[in-house]
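# Per-entry structural report
One letter stands for each residue in the lines below.
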Amino acid sequence: MSSAIPLTARGAERLREELARLKSKERPAVIEAIAEARAQGDLSENAEYEAAREKQAFIEGRINELDGLLSNAHIIEPAELDADGRIVFGATVNLEDLESGEKVCYQIVGNAEADVRANLLSIASPVARALIGKSAGDVAEVQAPSGLREYEVLEVRYV
């Protein structure tokens, strides 16, 4: 029995869109590429065939992964949370690095939807773990590879 996988509603929708794209566009395209490569004859020395088969294996693996994630998903709608201003799963937080003065904004999300480049921070990350339970005005200490970092929580939103 698999345990529930926390996802924001927006994250679950993005995963559903990726799954639909893989099933409706990517899978048929790779099947067609395999058929074209087979038509060229000897498969033992056919690089196009091998590349298409590798891509098919990746696509099928990702489809299975997404099916599993979505079937075990526990969808959390941040806008419906009543966390009394505290940072919880799904919250969007504005922070200021107290040493550098740099301001950043992150949403705390599940591992399956985390993407630091998109400011989606995994709940399992050291920064998120240090932030959970804090409110605006609090300071969170994070042990980073470069040493101890301190972040002031400027704002907490549930969007």
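Cut-offs and rules
- Residues numbered from 1 in each chain as written.
- Predicted model: local features only at pLDDT ≥ 70, side-chain atom pairs only at ≥ 80, totals over all residues.
- Heavy atoms only, no water.
- Helix = DSSP H or I, 4+ residues; strand = E, 2+ residues; numbered from the N terminus.
- Rg over C-alpha atoms; globule rule 2.2 N^0.38 Å.
- Buried < 20%, exposed > 50% of the residue type's maximum accessible area, 1.4 Å probe, protein only.
- Expected span 1.5 Å × (residues − 1).
- Contact = heavy atoms within 4.5 Å.
- Bend = angle between axes of the 7 residues up to and from the residue.
- Core = buried A, V, L, I, M, F, W, Y, C linked by side-chain atoms within 4.5 Å.

The next subject is the overall build of the chain. Each helix and strand in the chain was counted, giving three helices and seven strands. Secondary structure elements of the chain, listed N to C terminal, follow the sequence β-α-α-β-β-β-β-α-β-β. Against the 2.2 N^0.38 benchmark of 15 Å for 159 residues, the chain shows a C-alpha radius of gyration of 21 Å, more extended than a compact globule. Expressed along its principal axes, the backbone C-alpha trace of the chain runs to roughly 70 × 35 × 25 Å. Out of the 159 residues belonging to the chain, those deemed buried represent 35%.

Here helix α2 (residues 47-71) spans 36 Å end to end across 25 residues, near enough to the 36 Å set by a 1.5 Å rise per residue. Among the structural elements, β1 (5-8), α1 (9-39) and β2 (73-76) are those in contact with the buried residues of α2.

This brings us to α1. End to end, α1 covers 44 Å across 31 residues, agreeing with the expected 45 Å (1.5 Å per residue, within 8%). A bend of about 40° at Leu22 is the largest found in α1. Looking only at α1, the buried set comprises Gly11, Ala12, Leu15, Glu18, Leu19, Leu22, Val30, Ile34 and Ala37. Where α1 is buried, its residues meet β1, α2 and β2.

Another aspect to go through is the nonpolar core. Across soluble globular proteins, you tend to see nonpolar side chains buried next to one another. Counting residues in each nonpolar core, the largest one holds 19 residues, and the members touching the most others are Ile87, Val93, Leu95, Leu131 and Val156. Contributions of two or more residues to this core are made by β3 (92-97), β4 (103-109), α3 (126-131), β6 (139-144) and β7 (147-157). The element contributing the most residues to this core is α3, with four residues. If we skip the residues at most four places from it in the chain, Val93 touches Ile87, Val104, Cys105, Tyr106, Leu131, Glu155 and Val156.

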